[in-house]
Amino acid sequence: MAVELLAQSIEVGLVTTNSDAMVDFYANFLGLPYQGDLDFPGGTMKRYSIGSNVLKVVTLDEPPAAPVAPGGGPAQAGIRYLTLVVANATEVARQVEAAGYTLVQPLAEFAPVPGMGWMFVADPDGNWVELVGPL
């Protein structure tokens, strides 16, 4: 079976019990454009653009049964990080450290592509965001 996609983009939902800190990270620190709130039975989502894709920060009226599992791939299987391609990796690494966010993998050159760097930063819930771009 194959689905017929109506949209050529993806929407990713991050469920949190720490909405204010998550909004501060994704909207204010990373600067993702805010699309608006969407209330639904049982909760609210704040929607942010990443190109034609959407990141949804979701808060439920009843907190989830299990807490967040912080960490990237080493923490557990499943979707463990999202990647943002940035124009200024070296400057972003400085900004991450200055803002006090956890840099879980310091900026390093991506050996197969000289001049390109990558790093992982943890959002306030411990989810990993990979930042990749020119050094």
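This is a predicted model, so every value here is computed, not measured.

Draft legend 1. Main features of the packing of aromatic side chains. Scanning all chains against the criterion turns up eight aromatic pairs. Relative to tyrosine 101, the ring of phenylalanine 29 has its centre 4.9 Å away and its plane inclined at 55°; by these criteria the two rings are tilted. Placement of the pair is phenylalanine 29 in helix H1 (residues 19-29) and tyrosine 101 in the loop between helix H2 (89-99) and strand S6 (102-109), with a sequence separation of 72 residues. Taken together, the aromatic side chains of Phe25, Tyr26, Phe29 and Tyr101 make up a single cluster linked through ring pairs.

Draft legend 2. Structural context of a nonpolar patch on the surface. A contiguous nonpolar surface patch, about 440 Å² in accessible area, is contributed by Met1, Val3 and Leu5. Relative to the assigned elements, methionine 1 resides in the segment before strand S1 (11-15).

Draft legend 3. Here's a closer look at the nonpolar core. Membership of the largest hydrophobic core comes to 23 residues, with the highest contact counts inside it found for Tyr26, Val96, Met119, Val121, Val129 and Leu131. Elements represented by at least two residues in this core include exactly H1, strand S4 (53-60), strand S5 (81-85), H2, strand S7 (116-122) and strand S8 (128-134). With five residues, H1 is the largest single contributor of residues to this core. Look past the residues within four positions of valine 121 in its chain and what remains in contact with it is Phe25, Val96, Tyr101, Thr102, Leu103, Val104, Asn127, Trp128, Val129 and Leu131.

Draft legend 4. Broad picture of the pattern of salt bridges. In this structure the tally under the stated criterion is four salt bridges. The shortest N-O distance in the salt bridge between lysine 46 and aspartate 37 comes to 3.1 Å. On the basis of relative accessibility, which here comes to 41%, the residue aspartate 37 falls in the partly exposed class. Members of the salt-bridge network, linked through shared partners, are Glu11, Arg47 and Lys56.

Draft legend 5. Local environment of H1. Every buried residue of H1 is accounted for by Ser19, Met22, Val23, Phe25, Tyr26 and Ala27. When H1 is viewed along its axis, its buried side chains cluster within an angular range of 165° and face the same direction. Seen from the buried face of H1, the exposed residues on the opposite side, beyond 90 degrees, are Asp20 and Asn28. Each element contacted by the buried residues of H1 is listed here: S1, strand S3 (43-50), S4, S7 and S8. Looking at the residues trailing H1, positive phi occurs at glycine 31, about 75°.

Criteria and thresholds
- Residues numbered from 1 in each chain as written.
- Predicted model: local features only at pLDDT ≥ 70, side-chain atom pairs only at ≥ 80, totals over all residues.
- Heavy atoms only, no water.
- Phe/Tyr/Trp six-rings, centres within 6.5 Å; stacked < 30°, edge-to-face > 60°.
- Helix = DSSP H or I, 4+ residues; strand = E, 2+ residues; numbered from the N terminus.
- Patch = residues over 30% accessible without salt bridge, like charges linked within 9 Å, V, L, I, M, F, W, Y side chains within 5 Å.
- Areas by Shrake-Rupley, 256 points an atom, 1.4 Å probe, with all protein chains shown as cover.
- Salt bridge = Lys/Arg side-chain N within 4 Å of Asp/Glu carboxyl O.
- Core = buried A, V, L, I, M, F, W, Y, C linked by side-chain atoms within 4.5 Å.
- Buried < 20%, exposed > 50% of the residue type's maximum accessible area, 1.4 Å probe, protein only.
- Contact = heavy atoms within 4.5 Å.
- Arc of directions from axis to C-beta.

The values are spatial; any link to function lies outside them.
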